[in-house]
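Each chain is listed here by its residues.
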Amino acid sequence: MATLRPVGGEGAPVLALDIGGTKLAAGVVDAAGTVHSFVAAPSEPERGPDDGLARLFELGRQAVAEAGAEIGSTGNGPTGIGAVGIGCGGPLDSERGVLLSPLHLPGWRDVPVVELARAAFDVPAALENDATAAAAGEHRFGAGAGTRHMVYLTVSTGVGGGVVADGRLYRGAMGNGGELGHVTVDCNGRVCRGCGRRGCLEAYASGTSIAERAVEALAASGAPSILRALERPTAADVAAAARDGDALAAAVWDETVSALACGLTSIVNLFEPELVVLGGGVTRAGEQLIGPVRDAVRSDAVRPAGEPVGVVRSALGDHVGIVGAATIVYDRLASGVMLAHG
Ligand SMILES: [Zn+2]
């Protein structure tokens, strides 16, 4: 099993694929982190891995065409794409390139996604946990550039994370380390949809949980709320209502902030990062979320670890998934790690 180089050399652009629970995304990203194309479609994971990967690879071909690039045995010119980087939620085996049983993709068991991508595109491929990949992307090209110790937390449908320690991505034994969404914030608390345990950070701070807790609060109290006019209030609706002074929404939002601050304080105590980068859809609320979380972490973390820590929003935004997946390819090439065997 020889080390494979991208067809177009180490600096060649990468086709990045992101397999999320709600959306699939593909894009072409170059070695400077520039995004040359970005396309997305609903995941519909219940249609199964064969159907899902066929749609993902088609999305990949579309991203290649939109970038004016070529891939595979035809891609030897200056626009040739040298490799495929894939990000997906765990558990997975990034060394073997296999999705084991991703929490957000029920029924997708033991899917050899790297082998399948390699067969589909005829170039080497690499797989990484999506939040770990996003951490690598933010560290190399985004808000964490220049830091040596950084934590990335994505607060989205679920909650995930990644850790850069002493300038290197922390991956764990098989690439499933840094599951920061499953840090416990209340060991007798709400059941976590992701892992089944109780009281995970994800069970309080995820967009799914914010919406669920709002519905529960509406059912449990007769208090007036502008959320009552909505059929299915989302996390964004809760944030907007809280900003408008709605007391019920503000209570749900405050619980979200306090759970996130609690989990993040433990994480800061563990790693003593210089910087925490927060990404994912829920962070579109901006300082309404990040401001109070930053203040609480700085005041509650064990001193001196927490006092100077920066807490900022992702710089890569909606592109963090594909830039992260591409970063994994560049990181592995730089460290001489094999991408995939034929
Ligand atoms: Zn959990």
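To be clear, the structure that these remarks concern was listed above.
So, here is what we can say about the structure in this document. For clarity, every value in this text was computed on a predicted model and none was experimentally measured.

What follows concerns the sheet that holds strand β11 (residues 159-165). Ordered in space as β12-β11-β10-β13-β14, the 5 strands form an open sheet in which the pairing is mixed. The open sheet terminates on both sides in strands that have one partner only, identified here as β12 (168-170) and β14 (310-313). For this sheet, the mean inter-axis angle between neighbouring strands, taken without regard to orientation, is 25 degrees. Bridge analysis of strand β13 (residues 275-279) against β14 gives 4 bridges, and the strand direction is parallel. Looking across to β14, one finds that V276 is bridged to V311. The strands that helix α3 (residues 130-141) touches are β10 (150-155), β11, β12 and β13; relative to β11, the one it contacts most, it runs at about 50 degrees.

Attention now goes to the pairing of β10. Taking burial as the measure, the 6 residues of β10 include 6 buried ones, the bulk of the element. Here β10 shows a buried face lined by M150, Y152 and T154 and a second buried face lined by V151, L153 and V155. Hairpin connection of β10 to β11: 3 residues between the antiparallel strands. Relative to β13, β10 is paired through 5 bridges, and the arrangement is parallel. Residue pairing for β13: Y152 is matched across the bridge by V277.

Proximity of charged atoms lets side chains of opposite charge pair with each other. Following the criterion strictly, the structure yields 17 salt bridges and no others. The shortest N-O distance in the salt bridge between R190 and E212 comes to 3.4 Å. With a gap of 22 residues between them, R190 in the loop between β12 and α4 (202-205) and E212 in helix α5 (residues 207-220) connect regions that are remote in the sequence. Note that E255 is salt-bridged to R213, the shortest N-O span being 2.7 Å. Of this pair, E255 sits in helix α7 (residues 247-271) while R213 sits in helix α5, and the two are 42 residues apart along the sequence. Residue classification places E255 among the partly exposed residues on the basis of a relative accessible area of 35%. Salt bridges sharing partners connect three or more residues here, namely E44, R47, D51 and R55.

With that settled, consider the sheet that holds strand β9 (residues 125-129). Strand order in the open sheet formed by 5 strands is β3-β2-β1-β6-β9, with mixed pairing between adjacent strands. Since the sheet does not close on itself, it has two edges, and those belong to β3 (35-42) and β9, each with one partner. Taken over all neighbouring pairs, the strand axes of this sheet differ in orientation by 15 degrees on average, direction set aside. As judged from the 6 bridges shared by strand β1 (residues 14-19) and strand β6 (residues 83-88), these two strands associate in the parallel manner.

What follows is about the nonpolar core. Grouped together as the largest cluster of nonpolar side chains are 44 residues, with contacts concentrated most on L153, L227, V238, W253, L260, L264 and V276. When contributions to this core are tallied by element, the ones reaching two or more residues are β10, β11, α4, α5, α6 (235-243), α7, β13 and α8 (287-300). The element that contributes the greatest number of residues to this core is α7, accounting for 10 residues. Non-local contacts of L227, meaning those with residues more than four positions away in its chain, are made with A214, L218, P233, D237, V238, A241, D246, L248 and A249. Ranked by size, the runner-up nonpolar core spans 31 residues in total, among them L59, I71, I81 and V114.

Here is what the cut-offs are and how they apply
Residues numbered from 1 in each chain as written. Predicted model: local features only at pLDDT ≥ 70, side-chain atom pairs only at ≥ 80, totals over all residues. Heavy atoms only, no water. Pairing = 2+ DSSP bridges. Helix = DSSP H or I, 4+ residues; strand = E, 2+ residues; numbered from the N terminus. Axes fitted to C-alpha atoms, helices over the stretch in contact; angles between N-to-C directions. Contact = heavy atoms within 4.5 Å. Buried < 20%, exposed > 50% of the residue type's maximum accessible area, 1.4 Å probe, protein only. Salt bridge = Lys/Arg side-chain N within 4 Å of Asp/Glu carboxyl O. Core = buried A, V, L, I, M, F, W, Y, C linked by side-chain atoms within 4.5 Å.

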